[in-house]
Amino acid sequence: MTPSSIFLIDGDRGLVELTNQPYESEAILQQLLALHPGVLSGKAGTGNLLLVGREMGVPSEEGGGNRWALDHLFLDGDGIPVLVEVKRSTDSRIRREVVGQMLDYAANAVHYWPVETIREQFEDGCRERGVDAGFVVGEFLGVGVGDDGVARFWEAVATNLRAGRVRLIFVADVIPPELRRVVEFLGEQMSPAEVMAIEVRQYRNGDARAVVPNLIRAPERATSSIRT
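The model shown is predicted, which means the values in this text are computed figures rather than measured ones.

Asks: I'd love a proper account of the pattern of salt bridges, names of residues and values included.
Replies: What the rule picks out here adds up to ten salt bridges. Note that Arg167 and Asp76 form a salt bridge whose closest N and O atoms lie 3.2 Å from each other. Of this pair, Arg167 sits in strand S6 (residues 167-172) while Asp76 sits in strand S4 (residues 66-76), and the two are 91 residues apart along the sequence. Here Glu194 ties to Arg167 by a salt bridge, and the two come within 3.1 Å at their closest N and O atoms. Placement of the pair is Glu194 in strand S7 (residues 194-205) and Arg167 in strand S6, with a sequence separation of 27 residues.

Set out below in structure tokens:
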């Protein structure tokens, strides 16, 4: 049962009730995940997810232009691409259309995304932020910039892509029953790809804000967490 309120114990204000409220826009939820990917793994900080980019272009043929745009692409600590698509529960596409959309992205990404494309997108984003890409990856992995671990990480990304070893995550403020059933079914059938949904509810009271993630996946995988 989802609570309609949660309570924050504030030293100055005492007990503060935060009520469940919808996101004002999909962009707010997307920005939250980009800044705090730990929401996707239930851990503070990055949660061991490295953001490659937002609105990541996905082609539908070899050497072709981008046909679709994936909301977020992350990489986990094992070099597994994590494809994230975000919808608000008020968007009717969250029930069926988003599933076909995500499968299109994944099916074409594993064929037409060379690791060089992913790495270039990541490095372009680092340059825009004025940071060194090698340093960011090294810090993410907990190794030095010149460590072999950085090169092995990108090799692992390439290997995972070729093997179709990707993780597909549907994110919404509320996951409807129709999508929940599809996610659980696909999670049972798809291998080595993983499929899951994460419900990220927002609770607010003035400037005080909290988000509560809830992981949804196939029953037999329910005991294992997102790889970190």
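Asks: Help me get a handle on the side chain of Ser5, residues and values and all.
Replies: Tracing the sequence through the fold places Ser5 in strand S1 (residues 5-10). Accessibility expressed as a relative area gives 16% for Ser5, which makes it buried. Here the side chain of Ser5 touches Glu17 through a polar contact of 2.7 Å, side chain to side chain. Excluding residues within four positions of it along the chain, Ser5 makes contact with Glu17, Leu18, Thr19 and Tyr203.

Asks: Describe the packing of helix H3 (residues 115-129) against helix H4 (residues 133-141), naming the residues involved and giving the relevant values.
Replies: One way to put it is that H3 packs onto H4 with a least axis distance of 9 Å and a crossing angle of 105 degrees. Relative to H4, the element H3 lies roughly perpendicular. Across the interface between the two elements, Phe122, Glu123 and Cys126 from H3 touch Ala133, Val136 and Val137 from H4.

Conventions and cut-offs
Residues numbered from 1 in each chain as written. Predicted model: local features only at pLDDT ≥ 70, side-chain atom pairs only at ≥ 80, totals over all residues. Heavy atoms only, no water. Salt bridge = Lys/Arg side-chain N within 4 Å of Asp/Glu carboxyl O. Helix = DSSP H or I, 4+ residues; strand = E, 2+ residues; numbered from the N terminus. Buried < 20%, exposed > 50% of the residue type's maximum accessible area, 1.4 Å probe, protein only. Polar contact = N/O pair within 3.5 Å; in protein donor to acceptor, adjacent residues only side chain to side chain. Contact = heavy atoms within 4.5 Å. Axes fitted to C-alpha atoms, helices over the stretch in contact; angles between N-to-C directions. Parallel < 35°, antiparallel > 145°, perpendicular 65-115°, else oblique.

In short, geometric facts, not functional conclusions.
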